[in-house]
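These are the residues of each chain, in order.
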Amino acid sequence: ISDPTASPTGGLTASPTGGPTVSPTGGPTVSTTNEPTSDPTAERFTLQPVVANTVAPSVSTTSAPTDSPTDSPTDPTITYVPGQLEVEENGLLLSAGLSARIIARSDEAVPIGDDSVSDDTFHVFPDAAACFAHPQGIENGWAYVSNSNANDGGGGVGAIYFDEQGQVTGYQRLLKGTNYNSGGGVSPWGTWIS
């Protein structure tokens, strides 16, 4: 789960003026609202999809972790209250309006949405990460790219690919045989620095 702030590759974008924003890749947007809460200092956000069937967070009170990936959320508009930690899901304490699902486990094949698994196992010691538009041009899809902070030649970079519904479509190691790929990030050219 990451904070819904501005992203160079789309995804969630925050509106400083309280009005809706437009996501360059058609992902969900965030706008503030003045609805009353039990905490008068809490800032409230409402997640609103820009296109039909865009994945938005859902609220769940499930407290036990699951052994397999969970379904993508389907509720199109959910109120998100930062810091109102009242949802426990998959071992995480989340703010109201957010949910979490397990998409990969280190050193295990990644479950794919078509009931298959990836050829590569998900890298160990995942570290710095970012999201990019899907490299195969899947409309509104994206790739989650992260470093592996392993040593003894076990480091590198891996990418999990998602469709516009948030379903995993693939995983592959992009860089292998390196050590301690810790920090990193998106370059000004839209590439990944390992």
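Data block above holds the structure.
Notes on the structure in this doc start here.

Rules used in this analysis
- Residues numbered from 1 in each chain as written.
- Predicted model: local features only at pLDDT ≥ 70, side-chain atom pairs only at ≥ 80, totals over all residues.
- Heavy atoms only, no water.
- Helix = DSSP H or I, 4+ residues; strand = E, 2+ residues; numbered from the N terminus.
- Polar contact = N/O pair within 3.5 Å; in protein donor to acceptor, adjacent residues only side chain to side chain.
- Buried < 20%, exposed > 50% of the residue type's maximum accessible area, 1.4 Å probe, protein only.
- Phe/Tyr/Trp six-rings, centres within 6.5 Å; stacked < 30°, edge-to-face > 60°.
- Pairing = 2+ DSSP bridges.
- Salt bridge = Lys/Arg side-chain N within 4 Å of Asp/Glu carboxyl O.

1. Overview of the side chain of N90
Piece 1. The residue N90 is located in the loop between β4 (85-89) and β5 (92-95) in this model.
Piece 2. A distance of 2.8 Å separates a polar atom in the side chain of N90 from the backbone oxygen of A100.

2. Observations concerning unusual backbone geometry
Piece 1. With phi around 70°, D115 is a residue other than glycine that occupies positive phi space.
Piece 2. Mapped onto the secondary structure, D115 falls in the loop between β6 (109-111) and β7 (117-121).
Piece 3. Look at D115 and you get exposed, because its relative accessible area is 78%.
Piece 4. The phi dihedral of F125 is positive, around 50°, even though this residue is not glycine.
Piece 5. On the basis of relative accessible area, F125 is assigned to the exposed category, the value being 56%.

3. Some words on the packing of aromatic side chains
The description of an aromatic ring pair rests on the distance of the ring centres and on the angle between the ring planes.
Piece 1. Following the criterion strictly, the structure yields three aromatic pairs and no others.
Piece 2. Judged by centre distance (5.0 Å) and plane angle (15°), the rings of W142 and F162 are stacked. Taken as a pair, W142 in strand β9 (residues 142-148) and F162 in strand β10 (residues 155-162) lie far apart in primary sequence, 20 residues in all.
Piece 3. A residue is classified by how much of its surface remains accessible, and W142, at 26% relative accessible area, is partly exposed.

4. Some details on the pairing of strand β11 (residues 168-178)
Piece 1. Of the strand pairs in this sheet, β10 and β11 are connected by eight bridges, and their pairing is antiparallel. Within β11, the residue paired with I160 across the bridge is Y171.
Piece 2. Linking two consecutive strands that pair antiparallel, namely β10 and β11, is a turn of five residues; a positive phi of about 85° is found at G166 within it.

5. Side note on the pattern of salt bridges
Piece 1. Applying the stated criterion to the full structure yields one salt bridge.
Piece 2. K176 is paired through a salt bridge with D120; the nearest N and O atoms lie 3.8 Å apart. Taken together, the residues span a long stretch of sequence, with K176 in strand β11 and D120 in strand β7 at a distance of 56 residues.
Piece 3. Owing to a relative accessible area of 55%, K176 belongs among the exposed residues under this scheme.

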